[in-house]
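# Structural overview
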Amino acid sequence: MAAERALLVLEDGTTLPGTAFGAEGETFGEMVFNTGMTGYQETLTDPSYCRQIVAMTAPHIGNTGVNDEDPESGQVWVSGYVVREPARLASSWRATRDLDAYLRAEGVPGIAVRGTRLLTRRVRERGAMRAAISTLETSPEALLERVRASPQMTGADLARVVSTPAPYTISPAGPARYRVVAVDLGIKASTPRQLAARGCEVVVVPATTTAAQILAEAPDGVFFSNGPGDPAAATYAVDAMRGVLAAGRPVFGICLGSQILALALGLRTYKLRYGHRGVNQPVMDLVTGRVYITSHNHGFAAALQPARWNTDPVITGSMGHPSGWSTTGPGTTWSHVPQEALEPFETPYGPAMVSHVNLNDGVVEGLRLQQRPVFGVQYHPEAAPGPHDAADHFDQFCALLGRGSGATA
């Protein structure tokens, strides 16, 4: 029996015919790509991929099947899945089913196309764009018309879509050292487990929880999670962040949570051309000089105000050392690090600084208040999937919890 055909159509008219796998039907979303060679199950179940069609740049996906231990949420969140070649056989002692069966059960269409390299280059050159996968429509022109009528990611408020409907608690194995409220903007299961492993009792609350409701839990600190959509649309989370900052509680934000922190500090966010998605993004800590290899999944970023840093912050050249940098060499040449990123800036909550930058393109990857126990990073220290380089960020947060609200970050 011949394999069922499917169509992938991008907003710019690019059409890639392929072979269907996963669920039958059609789906619409923003076309993005992920450079990770492993961790496809964590990618599929990451709520940050809500309303996105994800193409994997690794050529062979599904080799180890799917198991019941690795999901990062209770469902598959990607709208559609694009691979070059889905594995015909799942081989792992942990596997309970194969990828095709998993996507079928979750109602998520997939397509295998020979041109994933072409697709990735198209998205890199022209930016993330709307797209569709269909096993029903045979006319590329008709499908393209519907793609262009589908919702944009800019302005999309998706955190409340993926968030938990009610609070729940993750407890540590032993006595709780700290109490943390985690605002679920699209949280991954590994994150509260990382905090619980460090002795935190974690109360996970819905995305729309107010600052007053957060503070009523008497937390030692507040965590704002990753999540999907346009951070500027999540005004409720920005309001909650401001209330928590005004109360002086220690705060840690990751990914969308770090962008919410940026907005609360009076900065702005903007849409990246094609985003950062994968497990191999080099990020430099501007204070210590350490380079982390990090796991990313975001399509927006924080920027300084236009007078200080425009929407295309890629600047190359030689820069001086930031405060706190130490080196045995005569100097360091940094590419893509604007001088503005090395200077503190004022916020309603005291002076702040850019703490981390992406070494590929100079995008802001971290912010820190200098006189309050508050920081955020735009990547995933829980490493699910990805390297464990940044796991120490959870230790840094717990150290702030131990010092109380009067600590200096």
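For the structure itself, look to the data block above.
Predicted, not measured: the structure shown is a model, and the values here were computed from it.

Rules of the game
Residue numbers restart at each chain and count upward from 1, following the sequence in its written direction. Per-residue local features are limited, in this predicted model, to residues with pLDDT of at least 70; the limit for side-chain atom pairs, both in listing and counting, is 80 or more; totals at the level of whole chains, interfaces and linings are taken over all residues. Hydrogens and waters are ignored; side-chain quantities use all the structure's heavy atoms. Strands here mean DSSP runs of E at least two residues long; helices mean DSSP runs of H or I at least four residues long; both are numbered from the N terminus. Contacts described as polar in this section are N or O atom pairs within 3.5 Å, which, within protein, must combine one atom able to donate a hydrogen with one able to accept it, while residues neighboring in sequence count only if both atoms come from side chains. Should any heavy atoms of two residues lie within 4.5 Å, those residues are considered in contact. Here a pair means two rings of Phe, Tyr or Trp (six-membered ring of Trp) with centres within 6.5 Å. Their orientation is stacked below 30 degrees between planes, edge-to-face above 60, and tilted elsewhere. Only when the NZ atom of a Lys or the CZ atom of an Arg is both within 6 Å of the ring centre and within 35 degrees of the ring normal do we say a charge sits over the ring. Any two strands with at least two DSSP bridges between them are considered paired. All axes here are fitted lines through C-alpha atoms, helices being fitted over the stretch that makes contact, and every angle between N-to-C directions spans 0 to 180 degrees.

Looking now at unusual backbone geometry. Residue Pro385 is bonded to the preceding Ala384 through a cis peptide linkage, with omega at 0°. Among the structural elements, Pro385 can be located in the loop between β20 (374–377) and α10 (392–403). Even without a glycine there, the phi angle at Ala218 is positive, about 50°. In this structure, Ala218 sits in the loop between α7 (211–215) and β13 (221–224). Positive phi is not limited to glycine here, since Ala383 has a value of about 55°.

Examined against the element boundaries, Gln378 turns out to sit in the loop between β20 and α10. A polar atom in the side chain of Gln378 sits 3.1 Å from the backbone oxygen of Val364. Residue contacts for Gln378: discarding those within four places in its chain leaves Cys255, Ser258, Gln259, His298, Phe300, Ala301, Ala302, Val363, Val364 and Glu365.

Before going further, it helps to spend a moment on the packing of aromatic side chains. The final tally for this structure, using the stated rule, is 5 aromatic pairs. Residues Phe252 and Phe397 carry aromatic rings whose centres are separated by 5.5 Å and whose planes lie at 45° to one another, so their mutual orientation is tilted. Linking Phe252 in strand β14 (residues 251–254) with Phe397 in helix α10, this pair joins segments that are 145 residues apart in sequence. Among the aromatic side chains, those forming a connected cluster through ring pairs are Phe223, Phe252, Phe375, Phe394 and Phe397. In this structure, Lys271 packs its charged tip against the face of Phe300, placed 5.7 Å from the ring centre.

Attention shifts here to the sheet that holds strand β4 (residues 52–56). Spatial ordering of the closed barrel is given by β1-β2-β8-β6-β4-β3-β9, a layout of 7 strands whose pairing is mixed. Shown here is a sheet whose adjacent strand axes are inclined to one another by a mean of 35°, direction ignored. Pairing of strand β6 (residues 80–83) with strand β8 (residues 109–112), which is carried by 3 bridges, proceeds in the parallel orientation. Across the sheet, the residue bridging to Val82 is Ile111, located in β8. Of the strands in this sheet, β2 (15–22) and β6 are in contact with helix α2 (residues 99–106), which crosses β2 at around 90°. On top of the sheet, helix α3 (residues 116–126) reaches β1 (5–10), β2, β3 (26–34), β4, β6 and β9 (129–134); it is set at about 80° to β3, its chief contact.

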